[in-house]
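Now for the letters of each chain:
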Amino acid sequence: MDTPDVLAWRDGYIEALDQTVLPHQVRVHRITTVDQLVDAITTLAVRGAPVLGVAGAFGVALAVRQGGREGWDQARLDAEVKRIADARPTAVNLRREVSAVASRIPEGRAAVEAAALAVAGTAVRASEQISTRGAARSRRPA
């Protein structure tokens, strides 16, 4: 069986591994709206500092897409982006990455999506480095 990504941007929507059912089940959510993303964050289906940061980044891209489809004005878009940032009040990574990607909104959808993907890439590289170093350290004799 292929292992799904913990979180992925799939050209207009978010795929998120539901962390509440692990390790007994593998369930993937297809998140297409800000409401669904906020629900996934608040119910802990999406959790963990780096993952929350990426979810926030992808959430801004999702909000821009949804706003375009539904004809949101700037005030509504700003309110929806704030809802994403506020979904987990103590999540520093979430708020930080939402803010960083939201700053690209004036540059258009492509810039927002590129910024969100860059956030994801940075998080993956950092996690891989931590894993590599931790594995090397755990192999050392005591």
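Nothing here was measured: the structure is a model prediction, and the numbers come from that model. (Residues numbered from 1 in each chain as written. Predicted model: local features only at pLDDT ≥ 70, side-chain atom pairs only at ≥ 80, totals over all residues. Heavy atoms only, no water.)

> Could you give an account of the side chain of aspartate 18, with specific residues and numbers?
Within the secondary structure layout, aspartate 18 lies in the loop between strand S2 (14-17) and strand S3 (28-31). Looking at aspartate 18, the relative accessible area reads 3%, which means it is buried. Dropping the residues within four chain positions of it, aspartate 18 is found in contact with Arg27, His29 and Ala45. (Helix = DSSP H or I, 4+ residues; strand = E, 2+ residues; numbered from the N terminus. Buried < 20%, exposed > 50% of the residue type's maximum accessible area, 1.4 Å probe, protein only. Contact = heavy atoms within 4.5 Å.)

> How would you sum up helix H1 (residues 34-42)? Please name residues and give values.
Because each turn of an α-helix spans 3.6 residues, side chains separated by three or four positions in sequence point in the same direction. Within H1, the full set of buried residues consists of Val34, Leu37, Val38, Ala40 and Ile41. With its buried residues spanning 160° around the axis, H1 presents them on a single face. Along its buried surface, H1 packs onto S2, S3, helix H2 (49-70), helix H3 (74-86) and helix H4 (92-102). Once H1 finishes, leucine 44 follows within two positions and takes phi at roughly 70°, a positive value. (Arc of directions from axis to C-beta.)

> Which residues make up the pattern of salt bridges, and what values go with them?
A pair can form between side chains of opposite charge whenever their charged atoms are brought close. Enumeration according to the criterion identifies 13 salt bridges in this entry. The salt bridge involving aspartate 11 is made with arginine 65; its shortest N-O contact spans 3.0 Å. Note that aspartate 11 is positioned in the loop between strand S1 (7-9) and S2 and arginine 65 in helix H2, a separation of 54 residues in sequence. Note on arginine 65: relative accessible area 15%, which makes it buried. One salt bridge connects aspartate 18 with arginine 27, and the closest N-O pair in it is separated by 3.0 Å. Where salt bridges share partners, they join Asp11, Arg65, Arg109 and Glu113 into one cluster. (Salt bridge = Lys/Arg side-chain N within 4 Å of Asp/Glu carboxyl O.)

> Could you give an account of the environment of alanine 61, with specific residues and numbers?
Mapped onto the fold, alanine 61 is located in helix H2. Residues alanine 61 and alanine 100, 39 residues apart in the sequence, show an inter-C-alpha distance of 12 Å. Residues in contact with alanine 61, not counting those within four places in the same chain, are Trp9, Val112, Glu113 and Ala116.

> How would you summarise unusual backbone geometry if you had to cite specific residues and measurements?
A cis amide bond, omega 0°, links leucine 22 with the succeeding residue proline 23. Here the phi dihedral of aspartate 11 falls at roughly 50°; this positive angle occurs in a residue that is not glycine. Owing to a relative accessible area of 60%, aspartate 11 belongs among the exposed residues under this scheme. Of note in this structure, leucine 44 is not a glycine but carries a positive phi near 70°. Considering the arrangement of structural elements, one finds leucine 44 in the loop between H1 and H2.

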